[in-house]
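Observations on chain architecture
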Amino acid sequence: MTDSSTDTAPARLSPGDAAPEFTLPDADGNPVSLSSYRGRRVIVYCYPAALTPGCTTQAIDFTASAGELAEAGLDIIGISPDPVEKLQRFREKEELQITLVSDPDKAVLTAYGAYGPKKLYGKEVVGVIRSTFVVDAEGRIEKAAYNVKATGHVAKLRRELGLG
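Right, let's walk through the structure included here.

1. What to know about the pairing of strand S5 (residues 99-102)
Pairing of strand S4 (residues 74-80) with S5, which is carried by 4 bridges, proceeds in the parallel orientation. Of the residues in S5, the one forming a bridge with Ser-80 is Ser-102. In the classification by handedness, the crossover that spans S4, the intervening helix H3 (residues 84-94) and the parallel S5 is right-handed.

Next comes the structure, spelled out in structure tokens:
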């Protein structure tokens, strides 16, 4: 008998789906709840590991665009399985100005379809699937993108959102 939790792709979210609710600790250990963002759109992005090259590029790009995105009514929450202490080091080292939250048991990542089998250097492994979601002001998925590239993704997302 096979373990279906690791050999099947996670359920993926689509536009119109309710965004899975969560309350996770941020880099300071304070709880961050998706429901507290109602009335604003939120970019929820899932990334494998703080302090790694691709994830650093992506976080710096989101930080660079955070002001413009906020003016357009979009807040940013990054989710990884990293412990709070590592998120704090990541934020300080890279001077990140975005909300980073810790999901060590990967329950929220799994709920978003962002944890499961993926290809890494040609091998199939189980891990965080780099993904980005735009959650509308009512808490529904407006946009879902899986297996996004770390480099250039924020610029592509900005174009798709009509922000240049």
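Still to come is the rest of the account.
2. Observations concerning helix H5 (residues 153-160)
What H5 keeps buried is the set His-153, Val-154 and Leu-157. The buried side chains of H5 occupy one side of the element, clustering within an arc of 95° when seen end-on. The secondary structure elements touched by the buried residues of H5 are strand S3 (41-46), helix H2 (53-71), strand S8 (131-135) and strand S9 (141-146). Directly after H5, the chain includes Gly-162, whose backbone phi takes a positive value near 75°.

3. Looking at the side chain of Asp-82
Structurally, Asp-82 can be placed in the loop between S4 and H3. Of note is the side chain of Asp-82, whose polar atom sits 2.6 Å from the backbone nitrogen of Ala-50. Discounting chain neighbours no more than four positions away, the residues touching Asp-82 are Tyr-47, Pro-48, Ala-49, Ala-50, Leu-87 and Ser-102.

4. Concerning unusual backbone geometry
A positive phi angle, close to 65°, is found at Leu-51, a residue other than glycine. By the secondary structure assignment, Leu-51 is in the loop between S3 and H2. Here Leu-51 falls in the partly exposed class, since its relative accessible area comes to 32%. Here the phi dihedral of Asn-147 falls at roughly 55°; this positive angle occurs in a residue that is not glycine. Mapping Asn-147 onto the fold places it in the loop between S9 and H5.

5. Thoughts on the pattern of salt bridges
Pairing is possible between side chains that carry opposite charge, provided their charged atoms lie close to one another. Counted by the stated rule, this structure contains 10 salt bridges. The residue Lys-86 makes a salt bridge to Asp-82 at a minimum N-O spacing of 3.3 Å. Residues Glu-160 and Lys-156 are paired through a salt bridge, measuring 2.9 Å at the closest nitrogen-oxygen approach. Here Glu-160 and its partner Lys-156 are both found in helix H5, 4 residues apart, which amounts to about one turn of the helix. With relative accessibility at 40%, the residue Glu-160 sits in the partly exposed group. The class of Lys-156 is partly exposed, set by a relative accessible area of 43%. Connected through salt bridges with shared partners, the residues Lys-143, Lys-156 and Glu-160 form a single ionic network.

Each value, and the rule that gives it
- Residues numbered from 1 in each chain as written.
- Predicted model: local features only at pLDDT ≥ 70, side-chain atom pairs only at ≥ 80, totals over all residues.
- Heavy atoms only, no water.
- Pairing = 2+ DSSP bridges.
- Helix = DSSP H or I, 4+ residues; strand = E, 2+ residues; numbered from the N terminus.
- Right-handed = clockwise from strand over helix to strand, strands pointing away.
- Buried < 20%, exposed > 50% of the residue type's maximum accessible area, 1.4 Å probe, protein only.
- Arc of directions from axis to C-beta.
- Contact = heavy atoms within 4.5 Å.
- Polar contact = N/O pair within 3.5 Å; in protein donor to acceptor, adjacent residues only side chain to side chain.
- Salt bridge = Lys/Arg side-chain N within 4 Å of Asp/Glu carboxyl O.

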